[in-house]
Amino acid sequence: MSDAKIWAKKSTFIFAAAGSAIGLGNLWKFPYMVGENGGGAFVIVYLLCVLLIGLPLMMSETIVGKHAHGNAIDAIGETAERSGASQNWKGIAALGMVTALLLLSFYSVIAGWAFDYTWAFAKGDLAGKDTAAVKLYFDALQADPQRLILWHSVFMFATAAIIARGAKDGIEKSLGLMMPLLFIILFVMVGYSAFVTGKFGETLTYMFTIDFAKITPMVVINALGQAFFSLSIGMCAIMTYAAYMRDDISISRSAVYISGLDTLMALLAGLAIFPIVFANGLNAGSGPGLLFVTLSTAFAQIGMLGTILGALFFFLVIIAALSSSISLVEPLVKWLEERFGVNRVFATFGYCFIVWALGLLTVFSFNIWAKADVLGTGKNPFDLISFAASSVLLPLGGLLLAIYAGWGLDKKISREQLSTLNGTLFSVWLFIMRFVAPVLISIVFIASLLGKVS
Ligand code: TRP
(Lines give C-alpha, C1' and ligand atoms only; values in the text may rest on other atoms or scores of the structure.)
Protein backbone atom coordinates (compact mmCIF):
# COMPACT_ATOMS: atom_id res chain seq x y z
CA MET A 1 0.00 0.00 0.00
CA SER A 2 1.67 3.21 -1.11
CA ASP A 3 1.57 6.18 1.21
CA ALA A 4 0.02 8.35 -1.46
CA LYS A 5 -3.18 6.42 -1.06
CA ILE A 6 -3.45 6.76 2.69
CA TRP A 7 -4.52 9.85 4.54
CA ALA A 8 -1.70 11.72 6.21
CA LYS A 9 -3.33 12.25 9.58
CA LYS A 10 -4.61 9.60 11.91
CA SER A 11 -7.75 11.57 12.63
CA THR A 12 -8.74 12.09 9.00
CA PHE A 13 -10.83 8.96 8.68
CA ILE A 14 -12.89 9.95 11.68
CA PHE A 15 -13.31 13.51 10.42
CA ALA A 16 -14.08 12.39 6.88
CA ALA A 17 -16.66 9.84 7.92
CA ALA A 18 -18.13 12.25 10.46
CA GLY A 19 -18.21 14.90 7.73
CA SER A 20 -20.07 12.48 5.53
CA ALA A 21 -22.49 11.62 8.29
CA ILE A 22 -23.12 15.14 9.52
CA GLY A 23 -25.20 16.93 6.94
CA LEU A 24 -28.69 17.98 6.01
CA GLY A 25 -29.80 14.86 7.84
CA ASN A 26 -28.68 16.37 11.15
CA LEU A 27 -29.40 20.05 10.70
CA TRP A 28 -32.54 19.95 8.58
CA LYS A 29 -34.17 16.55 8.85
CA PHE A 30 -33.50 15.48 12.43
CA PRO A 31 -35.05 18.53 14.12
CA TYR A 32 -38.18 18.47 12.00
CA MET A 33 -38.55 14.72 12.46
CA VAL A 34 -38.30 15.20 16.23
CA GLY A 35 -41.01 17.82 15.91
CA GLU A 36 -43.25 15.60 13.79
CA ASN A 37 -42.71 12.37 15.70
CA GLY A 38 -43.43 13.38 19.24
CA GLY A 39 -40.24 14.93 20.66
CA GLY A 40 -38.51 12.76 23.28
CA ALA A 41 -40.17 9.54 22.07
CA PHE A 42 -38.48 9.88 18.71
CA VAL A 43 -35.15 10.89 20.23
CA ILE A 44 -34.92 7.81 22.43
CA VAL A 45 -35.89 5.39 19.65
CA TYR A 46 -33.42 7.12 17.37
CA LEU A 47 -30.62 6.71 19.90
CA LEU A 48 -31.41 3.01 20.24
CA CYS A 49 -31.36 2.57 16.46
CA VAL A 50 -27.97 4.23 16.23
CA LEU A 51 -26.52 2.11 19.01
CA LEU A 52 -28.06 -1.21 18.07
CA ILE A 53 -27.89 -1.16 14.30
CA GLY A 54 -26.17 1.96 12.99
CA LEU A 55 -22.91 1.66 14.90
CA PRO A 56 -22.37 -2.09 14.26
CA LEU A 57 -23.18 -1.64 10.56
CA MET A 58 -20.74 1.21 10.30
CA MET A 59 -18.10 -1.13 11.70
CA SER A 60 -18.95 -3.67 9.01
CA GLU A 61 -18.51 -1.18 6.19
CA THR A 62 -15.23 -0.08 7.70
CA ILE A 63 -13.93 -3.65 8.03
CA VAL A 64 -14.37 -4.34 4.32
CA GLY A 65 -12.94 -1.01 3.15
CA LYS A 66 -9.95 -1.06 5.44
CA HIS A 67 -9.14 -4.67 4.72
CA ALA A 68 -9.08 -4.18 0.96
CA HIS A 69 -7.79 -0.58 0.71
CA GLY A 70 -9.61 -0.12 -2.56
CA ASN A 71 -12.85 1.10 -4.12
CA ALA A 72 -16.02 -0.41 -2.67
CA ILE A 73 -16.86 -2.77 -5.55
CA ASP A 74 -13.43 -4.36 -5.62
CA ALA A 75 -13.18 -4.26 -1.82
CA ILE A 76 -16.24 -6.47 -1.58
CA GLY A 77 -14.94 -8.59 -4.47
CA GLU A 78 -11.61 -9.13 -2.77
CA THR A 79 -12.98 -9.91 0.68
CA ALA A 80 -15.58 -12.22 -0.86
CA GLU A 81 -12.88 -14.09 -2.72
CA ARG A 82 -10.82 -14.54 0.42
CA SER A 83 -13.94 -15.73 2.20
CA GLY A 84 -14.83 -18.19 -0.54
CA ALA A 85 -18.08 -16.28 -1.07
CA SER A 86 -19.79 -15.36 -4.32
CA GLN A 87 -18.64 -12.39 -6.37
CA ASN A 88 -22.27 -11.37 -6.63
CA TRP A 89 -21.89 -9.61 -3.29
CA LYS A 90 -20.22 -6.86 -5.30
CA GLY A 91 -23.75 -5.94 -6.30
CA ILE A 92 -24.13 -4.29 -2.87
CA ALA A 93 -21.56 -1.67 -3.80
CA ALA A 94 -23.04 -1.21 -7.26
CA LEU A 95 -26.44 -0.72 -5.66
CA GLY A 96 -24.86 1.76 -3.27
CA MET A 97 -23.57 3.80 -6.15
CA VAL A 98 -26.99 3.99 -7.73
CA THR A 99 -28.40 5.08 -4.37
CA ALA A 100 -25.68 7.72 -4.07
CA LEU A 101 -26.46 9.06 -7.53
CA LEU A 102 -30.17 9.42 -6.76
CA LEU A 103 -29.58 10.82 -3.29
CA LEU A 104 -27.07 13.42 -4.36
CA SER A 105 -29.31 14.62 -7.19
CA PHE A 106 -31.86 15.97 -4.71
CA TYR A 107 -29.48 16.58 -1.81
CA SER A 108 -27.74 19.17 -3.95
CA VAL A 109 -30.96 21.03 -4.75
CA ILE A 110 -31.86 21.27 -1.06
CA ALA A 111 -28.33 22.33 -0.15
CA GLY A 112 -28.84 24.99 -2.82
CA TRP A 113 -31.69 26.45 -0.74
CA ALA A 114 -29.16 26.99 2.04
CA PHE A 115 -26.99 28.96 -0.38
CA ASP A 116 -29.94 31.13 -1.28
CA TYR A 117 -30.80 31.74 2.38
CA THR A 118 -27.22 32.53 3.37
CA TRP A 119 -27.14 35.12 0.64
CA ALA A 120 -30.60 36.46 1.47
CA PHE A 121 -29.78 36.86 5.18
CA ALA A 122 -26.42 38.43 4.43
CA LYS A 123 -28.09 40.98 2.17
CA GLY A 124 -30.78 41.66 4.77
CA ASP A 125 -33.59 40.56 2.43
CA LEU A 126 -35.37 38.62 5.13
CA ALA A 127 -34.97 41.11 7.99
CA GLY A 128 -38.19 41.96 9.78
CA LYS A 129 -40.37 39.51 7.85
CA ASP A 130 -43.13 37.59 9.68
CA THR A 131 -44.02 33.92 9.13
CA ALA A 132 -46.34 34.62 6.23
CA ALA A 133 -43.74 36.74 4.47
CA VAL A 134 -40.95 34.20 5.00
CA LYS A 135 -43.27 31.49 3.72
CA LEU A 136 -43.87 33.62 0.65
CA TYR A 137 -40.12 33.98 0.19
CA PHE A 138 -39.67 30.20 0.45
CA ASP A 139 -42.54 29.54 -1.95
CA ALA A 140 -41.14 32.06 -4.42
CA LEU A 141 -37.74 30.34 -4.29
CA GLN A 142 -39.32 26.97 -5.01
CA ALA A 143 -41.42 28.41 -7.79
CA ASP A 144 -38.36 29.80 -9.55
CA PRO A 145 -36.49 27.08 -11.50
CA GLN A 146 -33.76 29.47 -12.55
CA ARG A 147 -32.78 30.35 -8.99
CA LEU A 148 -32.95 26.72 -7.95
CA ILE A 149 -30.76 25.69 -10.88
CA LEU A 150 -28.27 28.44 -10.13
CA TRP A 151 -27.69 27.31 -6.52
CA HIS A 152 -27.85 23.61 -7.43
CA SER A 153 -25.11 24.28 -10.00
CA VAL A 154 -22.98 26.19 -7.51
CA PHE A 155 -23.26 23.35 -5.02
CA MET A 156 -22.43 20.62 -7.53
CA PHE A 157 -19.50 22.63 -8.83
CA ALA A 158 -18.10 23.09 -5.32
CA THR A 159 -18.44 19.34 -4.70
CA ALA A 160 -16.70 18.49 -7.96
CA ALA A 161 -13.91 20.98 -7.32
CA ILE A 162 -13.02 19.26 -4.05
CA ILE A 163 -13.24 15.69 -5.35
CA ALA A 164 -11.27 16.47 -8.50
CA ARG A 165 -8.27 17.41 -6.36
CA GLY A 166 -8.06 13.94 -4.88
CA ALA A 167 -8.31 12.23 -1.53
CA LYS A 168 -5.41 14.05 0.09
CA ASP A 169 -5.38 17.51 -1.47
CA GLY A 170 -9.12 17.72 -1.94
CA ILE A 171 -10.95 15.75 0.71
CA GLU A 172 -8.41 15.74 3.54
CA LYS A 173 -7.45 19.42 3.25
CA SER A 174 -10.96 20.79 2.79
CA LEU A 175 -12.20 18.78 5.76
CA GLY A 176 -9.44 20.22 7.91
CA LEU A 177 -11.10 23.57 7.33
CA MET A 178 -14.76 22.60 7.22
CA MET A 179 -15.07 20.38 10.27
CA PRO A 180 -13.70 22.81 12.90
CA LEU A 181 -15.84 25.56 11.37
CA LEU A 182 -18.90 23.35 11.60
CA PHE A 183 -18.41 22.74 15.30
CA ILE A 184 -17.57 26.34 16.13
CA ILE A 185 -20.64 27.74 14.37
CA LEU A 186 -22.98 25.20 15.93
CA PHE A 187 -21.57 25.89 19.39
CA VAL A 188 -22.10 29.62 18.89
CA MET A 189 -25.70 28.90 17.91
CA VAL A 190 -26.32 26.64 20.90
CA GLY A 191 -24.71 29.25 23.14
CA TYR A 192 -27.06 31.88 21.83
CA SER A 193 -30.08 29.64 22.30
CA ALA A 194 -29.02 28.63 25.78
CA PHE A 195 -28.24 32.07 27.14
CA VAL A 196 -30.41 34.50 25.23
CA THR A 197 -33.74 32.87 24.34
CA GLY A 198 -34.77 31.78 27.83
CA LYS A 199 -36.33 28.66 26.32
CA PHE A 200 -33.51 26.19 26.82
CA GLY A 201 -35.18 24.43 29.72
CA GLU A 202 -38.36 24.01 27.75
CA THR A 203 -36.36 22.55 24.87
CA LEU A 204 -34.60 20.06 27.13
CA THR A 205 -37.96 18.89 28.43
CA TYR A 206 -39.33 18.71 24.90
CA MET A 207 -36.44 16.68 23.54
CA PHE A 208 -35.70 14.41 26.45
CA THR A 209 -38.99 13.67 28.21
CA ILE A 210 -40.09 10.30 26.97
CA ASP A 211 -43.79 9.75 26.52
CA PHE A 212 -43.93 6.02 25.83
CA ALA A 213 -47.42 6.29 24.46
CA LYS A 214 -46.00 8.24 21.57
CA ILE A 215 -43.72 5.41 20.43
CA THR A 216 -45.74 4.06 17.51
CA PRO A 217 -44.52 1.69 14.76
CA MET A 218 -44.30 4.71 12.48
CA VAL A 219 -41.95 6.44 14.92
CA VAL A 220 -39.70 3.36 14.89
CA ILE A 221 -39.69 3.21 11.08
CA ASN A 222 -38.87 6.87 10.80
CA ALA A 223 -36.16 6.65 13.45
CA LEU A 224 -34.41 3.71 11.82
CA GLY A 225 -34.57 5.31 8.39
CA GLN A 226 -33.21 8.52 9.83
CA ALA A 227 -30.39 6.67 11.61
CA PHE A 228 -29.30 5.07 8.32
CA PHE A 229 -29.55 8.31 6.44
CA SER A 230 -27.76 10.32 9.07
CA LEU A 231 -24.91 7.88 9.60
CA SER A 232 -24.35 7.57 5.83
CA ILE A 233 -24.51 3.80 5.99
CA GLY A 234 -25.94 1.37 3.48
CA MET A 235 -24.33 2.78 0.37
CA CYS A 236 -20.65 2.01 0.78
CA ALA A 237 -19.58 5.62 1.28
CA ILE A 238 -17.96 4.86 4.64
CA MET A 239 -16.44 1.75 3.07
CA THR A 240 -14.81 3.91 0.41
CA TYR A 241 -13.36 6.29 2.98
CA ALA A 242 -12.13 3.36 5.06
CA ALA A 243 -9.86 2.42 2.16
CA TYR A 244 -7.75 5.50 2.92
CA MET A 245 -7.50 4.57 6.59
CA ARG A 246 -4.18 3.84 8.21
CA ASP A 247 -3.76 0.28 9.38
CA ASP A 248 -2.97 1.21 12.94
CA ILE A 249 -6.36 2.76 13.68
CA SER A 250 -9.02 0.91 15.65
CA ILE A 251 -12.23 0.34 13.69
CA SER A 252 -14.50 -0.01 16.66
CA ARG A 253 -13.19 3.10 18.35
CA SER A 254 -13.48 5.10 15.14
CA ALA A 255 -17.05 3.94 14.60
CA VAL A 256 -17.94 4.96 18.14
CA TYR A 257 -16.46 8.42 17.59
CA ILE A 258 -18.17 8.87 14.23
CA SER A 259 -21.62 7.83 15.35
CA GLY A 260 -21.11 9.75 18.57
CA LEU A 261 -20.20 12.93 16.73
CA ASP A 262 -23.07 12.52 14.30
CA THR A 263 -25.56 12.00 17.10
CA LEU A 264 -24.11 14.87 19.09
CA MET A 265 -24.50 17.18 16.11
CA ALA A 266 -28.11 16.14 15.58
CA LEU A 267 -28.92 16.77 19.24
CA LEU A 268 -27.05 20.08 19.23
CA ALA A 269 -28.96 21.13 16.13
CA GLY A 270 -32.16 20.49 18.06
CA LEU A 271 -30.83 22.41 21.06
CA ALA A 272 -29.88 25.32 18.80
CA ILE A 273 -33.10 25.43 16.80
CA PHE A 274 -36.00 24.69 19.15
CA PRO A 275 -35.31 27.44 21.74
CA ILE A 276 -35.38 30.05 18.97
CA VAL A 277 -38.57 28.56 17.58
CA PHE A 278 -40.24 28.41 21.00
CA ALA A 279 -39.10 31.89 21.98
CA ASN A 280 -40.95 33.25 18.97
CA GLY A 281 -44.09 31.29 19.68
CA LEU A 282 -43.69 29.20 16.52
CA ASN A 283 -44.64 25.59 15.89
CA ALA A 284 -41.92 22.93 16.26
CA GLY A 285 -43.94 20.38 14.34
CA SER A 286 -44.01 22.27 11.08
CA GLY A 287 -42.24 19.59 9.03
CA PRO A 288 -39.67 20.17 6.29
CA GLY A 289 -40.31 23.93 6.48
CA LEU A 290 -38.89 24.03 10.03
CA LEU A 291 -35.56 25.54 8.95
CA PHE A 292 -36.58 27.46 5.90
CA VAL A 293 -39.75 29.00 7.25
CA THR A 294 -40.06 28.61 11.02
CA LEU A 295 -36.47 29.10 12.15
CA SER A 296 -35.88 31.71 9.46
CA THR A 297 -38.85 33.72 10.69
CA ALA A 298 -37.34 33.64 14.14
CA PHE A 299 -34.04 34.97 12.78
CA ALA A 300 -35.85 37.60 10.75
CA GLN A 301 -37.58 38.86 13.88
CA ILE A 302 -34.47 39.54 15.96
CA GLY A 303 -33.03 42.45 14.04
CA MET A 304 -29.39 42.82 13.10
CA LEU A 305 -28.33 39.92 15.29
CA GLY A 306 -30.83 37.72 13.46
CA THR A 307 -29.32 38.68 10.16
CA ILE A 308 -25.89 37.58 11.34
CA LEU A 309 -27.13 34.42 13.03
CA GLY A 310 -29.25 33.55 10.00
CA ALA A 311 -26.40 33.93 7.54
CA LEU A 312 -24.09 32.02 9.87
CA PHE A 313 -26.57 29.21 10.37
CA PHE A 314 -27.25 28.65 6.69
CA PHE A 315 -23.56 28.83 5.96
CA LEU A 316 -23.20 26.02 8.48
CA VAL A 317 -25.80 24.04 6.57
CA ILE A 318 -23.83 24.53 3.34
CA ILE A 319 -20.59 23.28 4.88
CA ALA A 320 -22.26 20.29 6.47
CA ALA A 321 -23.92 19.40 3.16
CA LEU A 322 -20.68 19.81 1.23
CA SER A 323 -18.72 17.52 3.53
CA SER A 324 -21.46 14.94 2.91
CA SER A 325 -21.82 15.38 -0.83
CA ILE A 326 -18.14 14.75 -1.47
CA SER A 327 -18.53 11.31 0.06
CA LEU A 328 -21.37 10.58 -2.36
CA VAL A 329 -19.13 11.28 -5.35
CA GLU A 330 -15.92 9.62 -4.17
CA PRO A 331 -17.08 5.97 -4.37
CA LEU A 332 -17.80 6.01 -8.10
CA VAL A 333 -14.86 8.22 -9.01
CA LYS A 334 -12.47 5.98 -7.09
CA TRP A 335 -13.87 2.94 -8.86
CA LEU A 336 -13.59 4.50 -12.33
CA GLU A 337 -10.07 5.61 -11.53
CA GLU A 338 -8.81 2.31 -10.14
CA ARG A 339 -10.70 -0.04 -12.38
CA PHE A 340 -10.55 1.66 -15.73
CA GLY A 341 -7.73 4.16 -15.25
CA VAL A 342 -10.07 7.06 -15.98
CA ASN A 343 -8.54 10.45 -15.28
CA ARG A 344 -9.81 11.72 -11.93
CA VAL A 345 -10.74 15.21 -13.04
CA PHE A 346 -12.58 13.85 -16.06
CA ALA A 347 -14.39 11.19 -14.01
CA THR A 348 -15.40 13.73 -11.36
CA PHE A 349 -16.77 16.38 -13.67
CA GLY A 350 -18.41 13.84 -15.95
CA TYR A 351 -20.18 12.16 -13.06
CA CYS A 352 -21.12 15.43 -11.36
CA PHE A 353 -22.62 16.62 -14.63
CA ILE A 354 -24.86 13.54 -14.71
CA VAL A 355 -25.89 14.15 -11.09
CA TRP A 356 -26.56 17.78 -11.94
CA ALA A 357 -28.75 16.84 -14.91
CA LEU A 358 -30.69 14.33 -12.81
CA GLY A 359 -31.11 17.05 -10.19
CA LEU A 360 -33.17 19.02 -12.67
CA LEU A 361 -35.96 16.49 -12.11
CA THR A 362 -36.01 17.63 -8.48
CA VAL A 363 -35.80 21.29 -9.42
CA PHE A 364 -38.88 21.05 -11.64
CA SER A 365 -40.74 18.98 -9.06
CA PHE A 366 -41.11 22.10 -6.95
CA ASN A 367 -42.73 24.10 -9.70
CA ILE A 368 -43.80 23.00 -13.18
CA TRP A 369 -43.99 19.29 -12.30
CA ALA A 370 -45.23 19.70 -8.72
CA LYS A 371 -48.46 17.92 -9.56
CA ALA A 372 -46.89 15.39 -11.92
CA ASP A 373 -47.78 11.78 -11.30
CA VAL A 374 -44.92 9.53 -12.41
CA LEU A 375 -46.11 6.16 -13.69
CA GLY A 376 -49.28 6.32 -11.65
CA THR A 377 -47.39 6.30 -8.34
CA GLY A 378 -49.07 9.48 -7.18
CA LYS A 379 -45.62 10.98 -6.65
CA ASN A 380 -43.80 13.72 -8.52
CA PRO A 381 -40.22 12.97 -9.66
CA PHE A 382 -38.62 14.37 -6.47
CA ASP A 383 -40.95 12.46 -4.15
CA LEU A 384 -40.28 9.30 -6.11
CA ILE A 385 -36.48 9.69 -6.21
CA SER A 386 -36.31 10.59 -2.54
CA PHE A 387 -38.59 7.69 -1.60
CA ALA A 388 -36.62 5.24 -3.75
CA ALA A 389 -33.28 6.36 -2.31
CA SER A 390 -34.09 6.90 1.37
CA SER A 391 -36.89 4.43 1.98
CA VAL A 392 -36.08 1.58 -0.39
CA LEU A 393 -32.46 1.48 -1.57
CA LEU A 394 -30.83 2.69 1.65
CA PRO A 395 -32.44 0.08 3.95
CA LEU A 396 -31.94 -2.56 1.26
CA GLY A 397 -28.24 -1.72 1.07
CA GLY A 398 -27.99 -1.86 4.86
CA LEU A 399 -29.79 -5.21 4.97
CA LEU A 400 -27.52 -6.78 2.35
CA LEU A 401 -24.43 -5.37 4.05
CA ALA A 402 -25.46 -6.87 7.37
CA ILE A 403 -26.05 -10.25 5.74
CA TYR A 404 -22.72 -10.05 3.92
CA ALA A 405 -20.81 -9.08 7.07
CA GLY A 406 -22.57 -11.71 9.16
CA TRP A 407 -22.78 -14.64 6.78
CA GLY A 408 -20.70 -14.02 3.66
CA LEU A 409 -17.52 -12.56 5.09
CA ASP A 410 -15.04 -14.99 6.62
CA LYS A 411 -15.05 -14.60 10.39
CA LYS A 412 -11.26 -14.59 10.33
CA ILE A 413 -11.28 -11.31 8.41
CA SER A 414 -13.73 -9.57 10.69
CA ARG A 415 -12.02 -10.88 13.82
CA GLU A 416 -8.65 -9.70 12.55
CA GLN A 417 -10.01 -6.28 11.64
CA LEU A 418 -11.87 -5.90 14.94
CA SER A 419 -8.81 -6.93 16.90
CA THR A 420 -9.33 -4.23 19.50
CA LEU A 421 -12.71 -5.68 20.54
CA ASN A 422 -12.74 -8.31 23.28
CA GLY A 423 -14.30 -11.70 22.60
CA THR A 424 -17.68 -10.89 24.06
CA LEU A 425 -18.10 -7.65 22.16
CA PHE A 426 -17.04 -9.35 18.96
CA SER A 427 -19.69 -12.00 19.48
CA VAL A 428 -22.25 -9.28 20.11
CA TRP A 429 -21.27 -7.58 16.86
CA LEU A 430 -21.52 -10.86 14.94
CA PHE A 431 -24.87 -11.68 16.49
CA ILE A 432 -26.22 -8.28 15.49
CA MET A 433 -25.01 -8.71 11.90
CA ARG A 434 -26.36 -12.23 11.62
CA PHE A 435 -29.72 -11.91 13.31
CA VAL A 436 -30.71 -8.63 14.90
CA ALA A 437 -29.98 -6.27 12.02
CA PRO A 438 -31.38 -8.44 9.21
CA VAL A 439 -34.58 -9.16 11.11
CA LEU A 440 -35.17 -5.61 12.34
CA ILE A 441 -34.31 -3.98 9.04
CA SER A 442 -36.53 -6.43 7.14
CA ILE A 443 -39.50 -5.76 9.40
CA VAL A 444 -39.11 -2.02 9.14
CA PHE A 445 -38.42 -2.19 5.43
CA ILE A 446 -41.48 -4.28 4.61
CA ALA A 447 -43.70 -2.26 6.90
CA SER A 448 -42.64 0.99 5.30
CA LEU A 449 -43.08 -0.43 1.78
CA LEU A 450 -46.57 -1.55 2.63
CA GLY A 451 -47.13 1.86 4.12
CA LYS A 452 -49.73 0.25 6.34
CA VAL A 453 -48.54 1.17 9.78
CA SER A 454 -49.65 4.37 11.34
N1 TRP B 1 -25.53 11.47 6.19
C2 TRP B 1 -25.89 12.52 5.33
C3 TRP B 1 -26.68 13.54 6.12
O4 TRP B 1 -26.96 13.33 7.26
C5 TRP B 1 -26.66 12.08 4.12
C6 TRP B 1 -26.25 10.78 3.55
C7 TRP B 1 -26.91 9.64 3.52
C8 TRP B 1 -25.02 10.47 2.99
N9 TRP B 1 -26.18 8.64 2.97
C10 TRP B 1 -25.03 9.14 2.64
C11 TRP B 1 -23.94 11.23 2.78
C12 TRP B 1 -23.95 8.54 2.08
C13 TRP B 1 -22.84 10.63 2.23
C14 TRP B 1 -22.85 9.29 1.88
O15 TRP B 1 -27.02 14.56 5.61
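Residues numbered from 1 in each chain as written. Predicted model: local features only at pLDDT ≥ 70, side-chain atom pairs only at ≥ 80, totals over all residues. Heavy atoms only, no water.

Observations concerning the site of the ligand
Link 1 in the chain: Among the 15 residues in the neighbourhood of the ligand, the closest are listed as Ala 21, Gly 25, Tyr 107, Phe 229 and Ser 327.
Link 2 in the chain: One of the side-chain N or O atoms of Tyr 107 is found 2.5 Å from an oxygen atom in the ligand.
Link 3 in the chain: Within the complex, 100% of the 360 Å² of free accessible area of the ligand lies under protein.
Link 4 in the chain: When each cavity is represented as a set of grid points, the ligand is found to reside in the largest cavity.
Link 5 in the chain: Looking at the shell around the ligand, the elements that each hand over two or more residues are helix H1 (12-21), helix H2 (24-36), helix H10 (217-231) and helix H14 (303-340).
Link 6 in the chain: Classifying every residue of the shell around the ligand gives seven nonpolar, eight polar and no charged. (Near = heavy atom within 4 Å. Polar contact = N/O pair within 3.5 Å; in protein donor to acceptor, adjacent residues only side chain to side chain. Areas by Shrake-Rupley, 256 points an atom, 1.4 Å probe, with all protein chains shown as cover. 1 Å grid on protein atoms, 1.4 Å probe; cavity = no way out; pocket = protein on both sides within 12 Å on 5 of 7 lines; lining within 4 Å. Sits in = over half its atoms within 2 Å of the grid points. Helix = DSSP H or I, 4+ residues; strand = E, 2+ residues; numbered from the N terminus. Nonpolar A, V, L, I, M, F, W, Y, C, P; charged D, E, K, R; others polar.)

Here's the deal with the layout of surface pockets
Link 1 in the chain: Quantified by volume, the largest pocket comes out at close to 880 Å³.
Link 2 in the chain: Lining the largest pocket are 38 residues, with Lys 29, Tyr 32, Ser 386, Ser 390 and Ser 391 positioned closest to its centre.
Link 3 in the chain: Residue assignment for the lining of the largest pocket shows that the elements contributing at least two residues are H2, helix H5 (91-123), helix H6 (131-142), H10, helix H16 (381-408) and helix H18 (423-450).
Link 4 in the chain: A total of eight residues in the lining of the largest pocket trace back to one element, the largest contributor, which is H10.
Link 5 in the chain: The residue makeup of the lining of the largest pocket, split by class, is 23 nonpolar, 11 polar and four charged. (Points joined across faces, edges and corners; volume = space filled by probe spheres on them.)

Quick look at the nonpolar core
Link 1 in the chain: Counting 167 residues, the largest nonpolar core has Phe 13, Phe 30, Leu 57, Trp 113, Tyr 117, Phe 313 and Trp 429 as the members making the most contacts within it.
Link 2 in the chain: Sequence-distant contacts of Phe 313, defined by excluding residues within four places in its chain, comprise Met 189, Ile 273, Leu 291, Leu 295 and Phe 299. (Core = buried A, V, L, I, M, F, W, Y, C linked by side-chain atoms within 4.5 Å. Buried < 20%, exposed > 50% of the residue type's maximum accessible area, 1.4 Å probe, protein only. Contact = heavy atoms within 4.5 Å.)

Some points on the packing of helix H15 (residues 344-365) against H16
Link 1 in the chain: Between H15 and H16, the shortest axis-to-axis distance is 7 Å and the interhelical angle comes to 125 degrees. Between H15 and H16, the angle is such that the two are oblique. Contacts between H15 and H16 involve Leu 361, Thr 362 and Ser 365 on the former and, on the latter, Pro 381, Phe 382 and Ile 385.
Link 2 in the chain: A class-by-class count of the residues in the contact of H15 with H16 yields four nonpolar, two polar and no charged. (Axes fitted to C-alpha atoms, helices over the stretch in contact; angles between N-to-C directions. Parallel < 35°, antiparallel > 145°, perpendicular 65-115°, else oblique.)

So, the packing of aromatic side chains
Link 1 in the chain: On inspection of all chains with the given rule, the structure shows 35 aromatic pairs.
Link 2 in the chain: Taken together, a centroid distance of 6.1 Å and an interplanar angle of 50 degrees make the contact between Phe 30 and Phe 42 tilted. A residue pair is termed long-range when its members are at least 10 positions apart, and Phe 30 in helix H2 and Phe 42 in helix H3 (residues 40-68) qualify at 12 residues. Side by side, Phe 30 and Phe 42 carry an identical accessibility label, which is buried.
Link 3 in the chain: Where Tyr 117 meets Tyr 137, the ring centres are 5.5 Å apart and the plane angle is 90 degrees; that geometry is what we call edge-to-face. In this pair, Tyr 117 is assigned in helix H5 and Tyr 137 in helix H6, connecting sequence segments 20 residues apart. Considered together, Tyr 117 and Tyr 137 belong to a single accessibility category, that of buried residues. (Phe/Tyr/Trp six-rings, centres within 6.5 Å; stacked < 30°, edge-to-face > 60°.)

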